[in-house]
Amino acid sequence: MIRHLLTADGLDGETVNTVLDTADTLKRTLLGREVRKLPTLRGRTVITMFYENSTRTRVSFEVAGKWMSADVINVSASGSSTGKGESLRDTALTLSAAGADCVILRHGASGAPHRLAEWLDHTGTKVVNAGDGTHEHPTQALLDAATLRERLGELAGRRIGIVGDLLHSRVARSNVHLLRTLGAEVVLIAPPTLVPEGVESWGATVTHELDPQLPGLDAVMGLRVQAERMNGGFFPTAREYSIGYGLSAARTAKLPEHAVVLHPGPMLRGMEIAPQVADSPRAAVEQQVRNGVHVRMAVLYHLLAGEESTA
Amino acid sequence: MNDVERPAGDPGRRTLLREVRPYGTGEPVDLLIENGVVAAIGQQTGTDADEIVHAGGAVLLPGFVDPHTHLREPGREDAETVETGSAAAALGGYTAVLAMANTDPVADNAVVVEHVRRRGREIGLVDVRPVGAVTAGLAGQRLAEIGAMARSRAEVRVFSDDGHCVDDPLLMRRALEYTRAFGGVVAQHAQDPRLTPDSQAHEGPNAARLGLAGWPAAAEESVVARDCMLAEHTGGALHVCHVSSAGTAEFLRWWRSRATGGSVSAEVTPHHLLLTDELLETYDPRYKVNPPLRTDEDVRALRAALAEGVVDCVATDHAPHADQDKDCEWSAARPGMLGLQTALSVLVRTMVRPGLLDWRGVARVLSEAPARIAGLSEQGRPVAVGEPANLTLVDPDAEWTVRGAELASTSVNTPFEGMVLPGRVLATISAGRITARDGKVEPVGGRF
C-alpha cells in the first residue's frame, strides 16, 4: 500500500480498487447497525489540519476516524504560514511529536501535503491530502469513483464528463487521473479561459461545448465555480456561464436514462446546477457524501492499520 | 578609504603565474603581475616574485563580472552580507559584481549605494558596484534619485527595479531618457504584472498538472518588445535581465539584426541554461525562481542565443534566501537561487563541453560583455601587458560536487545541490592581488 495519500495521479489500479473494495466492505458492515463503531483504529490519533474553510471534507474525515475508534482532533488554522505565525513545518512537527499517527491536511498552497510528507517522513506520521490549492483532492476522486461504481458498475469504457472551472479545480485533476486509471474515458468541458494548458497530456478529451456531449455520457460532474479564485474575469457573467455550462433540467434531459449527475459541492444552485436537477433521482450528491465517509475510513485503514488487505 | 577612483593594487608587489594558457589556447606561458597590472607575458625564468602560482597549464581568463547579484545588505543580513557574498563571488572567479537595489532600505538614494560600495571596498574581495533603483522604493510610481546616485561616490551606472518590472510604459520611457545624461543603462525585469497574478511557475503542462498558477512566457516577451521600441525611440540603453524564454531570444535575434537607435543588451542565468520545470514535481522551493524555470525548448534556445551573441552575457541572479523563506510550502517561498560559485561550472557543462562556446567565448559572456554593459573600464580587459590584473584561473577538467552548506554564502539555496559539475576556479586575482585560491578566500581590505 501507499505511504501517504498525496495525489490520485500515480495511484495504480490495484491500490485504487483495494481502497474502493475496502470502502464497500466497511459500508456493508456498518449498514443497519445500531452502533456504527468499529474498533479498528482504537488507540490511533488522527489530526485534521485545515488551513481553508471546509465543512463537508473535515466532517467526513472526522466521522470516518471516529467510526473506526481513532482519536480525532481537529486543528483549524486561520490563514497560512506566510504571515507572522508559526511555519507549516513547525506546526506539523509539533503535531507529530504530540502523537499524531496521521495528519490530514487541507491547505491553500498546491503541494503543501508533499512538503509535509517530506518533513514528517522520519517520524512515521502519515499524511493525507484533503485538498491542496488548485492541485489535487484525492479522497474526493475516490468517493466519486465509489459512487460511480455503485451506480454504473465497472467504470472501464464508461464516458464521464467533467464540466466547469477546470483551471482551478483540484477535484477535476484528481478525478481525471483516477478515472483514467480505472479505464474510463474522460471528457473535459469548459470555456477556453478555464482550461489548463497542456490538459491534452492528461489523457482526456477537451471540448468547449457541453450539449453535443450529453447523449454520449454515462455521468456528468459539475464543478464548483470557485468565485474566490476568480481574480481575472474568466467569463463575462454568471448568467452567460449558466447558459453555456450550467446543468439545467433541459440539458440533463439530453443525457441517457442511466446517466448520473455528480457535484462535489458546495453547489451554486441556479448557476452551476438547477435545483430540480440537484434534487432529482439521477443526482448522486448525497450518495457522494455518504460514500465519502466510507472511502476515508478505507484510506485511514490502509494507512494506519497495516499492509494486509481487508478481504 | 575615500579614494574611489581606481583599484590601486599593491605598490611593488610582484605575483607570477606560471604555466597559464590565456583563453585556453596555445602553449603555457608565464604571466607577471606588478603594481596591479600585467607587467609581462612570456617565459619567466628565475624570478624574484613575492608570490608564485603554479598553474600547470590552467586556463587564464579576464576576471568575471556579474551584472546581477543580490547581496541582501542592508536589511537581510540573515540571508547574505556584502562580506559573505563577496567571498562567494571571489571563489566563483568574479572580480566585480553589480549588487541589486532591492535591499531594505532600497538602494534608491545616494546614501545606500555609497554604503554598499564602501562595504565592498572594506572587504576587498571583489569590486562591488551598486545598482540603483529606477523608481523610488521600487514602487513603480516615480523615478528614484537616479542622477544623485550616478553622481555619488558609488558612481552608479546601472539602474534596475529587479524583482519588480517597471511596467508603466511612460515611467520606463522617462528612465531610458533620463539615464542618457550620464551614460546609464536601465536593466529591466521584464514581467507584465497583469499577466502574472500570483504566478508560481512557467505556464505550461507541468504547472497545470501541479496546480501552480502560470507565468506565461508572453508576459516577458511583450515587455521586452515594448522596451526595445522605447529604447529605440528614446536613444536610451536597455539591458534585459534574466532572459528566460525561447520567444524572448527569438525576438531579440530579430530586433538586434536591425540597425536601430538606442542600445539593447541582455543576460541569461546559469539556471535557465540548465534546469527545467520538470524539477517542480516535488514542490521543493529550491527550484522556485523568477522568472521561472521553463522547458527544454527554452533551454536550448537560450544556449543558442548566448552562443550567437543575441544574448550578450551570463548573469547569476545570485539570490540568497534564509532557510525559513525556502523550507516552506511552494507558494510561500521566496523566488531565487544561489549562483556565484556555480556559474562557471554550469557554463562549462551547458556551453563549453557541448562545443557551443570556446574559452574566448566564455571570456566574452562572463567578463567582457558584462563589463562593457555596466561601464566598468577596469574589468573585462584583454589578458595583455599593461592591462589591469583582474584575472581568473580555471581548471577546465576538474569535477566537483555542489554542496550548499560548503558554499561561502550565508544561505544554502542552491538548485544544483548534489550535482557533479565540471570546471573549477583555481584562483581569482583582483586588481593584482589574489582574492581566492584553492577554494579559500584571501581577504584584504581597502583596495577598491
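A quick note: this is a predicted structure, and the numbers were derived from the prediction, not measured.

1. Considering the UniProt feature "active site" (unreviewed entry) in chain B
Residue and element names in this part refer to chain B. Residues given the UniProt feature "active site" (unreviewed entry) here are Asp 317. Inspection of the secondary structure puts Asp 317 in the loop between β14 (313–314) and α10 (343–352). Ignoring sequence-local partners within four residues, the contact set of Asp 317 consists of Asp 66, His 68, His 70, Asp 162, His 242, Thr 269, His 271, Asn 290 and Met 337.

2. Examining the pairing of strand β5 (residues 64–69) of chain B
Residues and elements named next belong to chain B. In terms of residue burial, β5 counts as a mostly covered element, since six of its six residues are buried. Of the strand pairs in this sheet, β5 and strand β6 (residues 94–99) are connected by four bridges, and their pairing is parallel. Among the inter-strand pairings, Val 65 is bridged to a residue of β6, identified as Ala 96. Since β5 and β6 lie parallel, the crossover through helix α1 (residues 82–91) that links them has a hand, and here it is right-handed.

3. Things to note about the interface of chain B and chain A
At the interface, 22 residues of chain B touch 24 residues of chain A. Summing the contributions of chain B and of chain A, the shared interface buries around 1,600 Å²; its carbon and sulfur component is 49%. It is Arg 209, Tyr 283 and Glu 329 of chain B in chain B that bury the most area against chain A; as a group they hold 36% of the surface buried on that side. Where chain B meets chain A, there are three salt bridges.

4. Examining empty space enclosed by the protein
Residues and elements named next belong to chain A. One pass over the structure, following the stated rule, counts seven cavities of 30 Å³ or more. In this structure, the largest cavity occupies an estimated 100 Å³ of space. Forming the boundary of the largest cavity are Arg 56, Thr 57, Ser 60, Gln 140, Leu 143, His 263, Pro 264, Val 285, Gln 288, Val 289, Gly 292 and Arg 296. Those elements giving two or more residues to the lining of the largest cavity turn out to be α2 (56–67), α5 (138–152) and α10 (285–304). In terms of residue count, α10 provides more of the lining of the largest cavity than any other element does, five residues in total. Residue classes in the lining of the largest cavity are distributed as four nonpolar, six polar and two charged.

5. Digging into the pattern of salt bridges
Tallying each qualifying case throughout the model produces 43 salt bridges over all chains. Here Asp 21 of chain A ties to Arg 149 of chain A by a salt bridge, and the two come within 2.9 Å at their closest N and O atoms. One end of the pair, Asp 21 of chain A, is in helix α1 (residues 13–30); the other, Arg 149 of chain A, is in helix α5, with 128 residues separating them in the sequence. Accessibility expressed as a relative area gives 39% for Asp 21 of chain A, which makes it partly exposed. Salt bridges sharing partners connect three or more residues here, namely Arg 89, Arg 115 and Glu 118 of chain A together with Asp 327 of chain B.

6. Examining the packing of helix α4 (residues 169–178) of chain B against helix α6 (residues 218–234) of chain B
Residues and elements named next belong to chain B. For the pair α4 and α6, interaxial distance at closest approach is 9 Å and the crossing angle is 45°. When the interaxial angle is binned, α4 and α6 end up oblique. Crossing geometry of α4 relative to α6 is assigned as right-handed. Seen from α4, the contacting residues are Pro 169, Met 172, Arg 173, Leu 176 and Glu 177; seen from α6, they are Arg 226, Asp 227, Leu 230, Ala 231, His 233 and Thr 234.

7. Examining the layout of surface pockets
Residue and element names in this part refer to chain B. One number sums up the size of the second largest pocket: a volume of about 940 Å³. Every residue lining the second largest pocket is counted, 40 residues in all, and those nearest its centre are Asn 102, Gly 163, His 164, Asn 290 and Pro 335. Taken together, the residues of the lining of the second largest pocket sort by class into 15 nonpolar, 16 polar and nine charged.

Rules and cut-offs
Residues numbered from 1 in each chain as written. Chains lettered and ligands numbered in written order. Predicted model: local features only at pLDDT ≥ 70, side-chain atom pairs only at ≥ 80, totals over all residues. Heavy atoms only, no water. UniProt positions renumbered as here; feature names shortened; annotations may be inferred. Helix = DSSP H or I, 4+ residues; strand = E, 2+ residues; numbered from the N terminus. Contact = heavy atoms within 4.5 Å. Buried < 20%, exposed > 50% of the residue type's maximum accessible area, 1.4 Å probe, protein only. Pairing = 2+ DSSP bridges. Right-handed = clockwise from strand over helix to strand, strands pointing away. Buried area = accessible area lost by both parts, 1.4 Å probe. Salt bridge = Lys/Arg side-chain N within 4 Å of Asp/Glu carboxyl O. 1 Å grid on protein atoms, 1.4 Å probe; cavity = no way out; pocket = protein on both sides within 12 Å on 5 of 7 lines; lining within 4 Å. Points joined across faces, edges and corners; volume = space filled by probe spheres on them. Nonpolar A, V, L, I, M, F, W, Y, C, P; charged D, E, K, R; others polar. Axes fitted to C-alpha atoms, helices over the stretch in contact; angles between N-to-C directions. Parallel < 35°, antiparallel > 145°, perpendicular 65-115°, else oblique. Left-handed = near helix turned anticlockwise from the far one by under 90°.

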